[in-house]
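Single-letter residue listing:
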Amino acid sequence: ISDEFVAYVFRSETKEEVPLLDQRAACLREVGRVLCDRYGGSFANVLRKAQGSARSLVEEVVANFPCFRDQCLYRGREVSFFKRAQILVADIWACFEGKEWGFFKDIDWLTMFADYRYDHQGNPDSLCADVVAWART
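Every value quoted in this text rests on a predicted model; they were computed, and no experiment measured them.

Trainee: Just checking my understanding: could you explain the packing of helix α3 (residues 43-50) against helix α4 (residues 54-64) for this structure?
Mentor: In a pair of packed helices, the angle between the axes and the distance between the axes together describe the arrangement. Relative to each other, α3 and α4 sit at 130°, their axes nearing to 8 Å. Regarding the angle of α3 to α4, the classification is oblique. Read as a crossing pair, α3 and α4 show a hand that is right-handed. Where α3 approaches α4, its residues Phe-43, Val-46, Leu-47, Lys-49 and Ala-50 are matched on the opposing element by Ser-56, Leu-57, Glu-60 and Val-61. For the contact of α3 with α4, the residue count by class is six nonpolar, one polar and two charged.

Trainee: Teacher, can you tell me more about the environment of Trp-101 here?
Mentor: In this structure, Trp-101 sits in the loop between α5 (83-95) and α6 (124-135). Sequence separation between Trp-101 and Gly-52 is 49 residues, and the spatial gap between their C-alpha atoms is 7.9 Å. With sequence-adjacent residues up to four places away left out, Trp-101 is seen in contact with Ala-44, Leu-47, Arg-48, Ile-92 and Phe-96.

Trainee: Can you help me understand the side chain of Gln-86 in this one?
Mentor: By the secondary structure assignment, Gln-86 is in helix α5. Sequence-distant contacts of Gln-86, that is, excluding residues within four places in its chain, are made with Val-58, Phe-81, Leu-110, Thr-111 and Met-112.

How each quantity is defined
- Residues numbered from 1 in each chain as written.
- Predicted model: local features only at pLDDT ≥ 70, side-chain atom pairs only at ≥ 80, totals over all residues.
- Heavy atoms only, no water.
- Axes fitted to C-alpha atoms, helices over the stretch in contact; angles between N-to-C directions.
- Helix = DSSP H or I, 4+ residues; strand = E, 2+ residues; numbered from the N terminus.
- Parallel < 35°, antiparallel > 145°, perpendicular 65-115°, else oblique.
- Left-handed = near helix turned anticlockwise from the far one by under 90°.
- Contact = heavy atoms within 4.5 Å.
- Nonpolar A, V, L, I, M, F, W, Y, C, P; charged D, E, K, R; others polar.

So yeah, pure geometry; function would need other evidence.
Quick look at the structure:
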């Protein structure tokens, strides 16, 4: 998938360019490769493997799709958020209204939702510092 095609698909009604286009295109290419290599080319097979568990789906996605791993080093320790994977599960749940592909017996396990407060591709050290400060309050 080319950057040009990704730009076309995610184009704006204005002249504003797609933010982080190269990272988004790389993520789409990675997801496509993983789906083809490990899941017969279908995300439905990822959902089947999770067996109706939000937690299992988050773990499956994070284990096999590197672009969904929200991790950073903070003071020498790895900190994991997995916000992207959790938002993916929440979006599937919402799109299917908690039914069929969107049924998750443990949907309440999710702790992250889209708030767009942090730039996902931005400075992970800033995010880590903010989370540590929040945890201390």
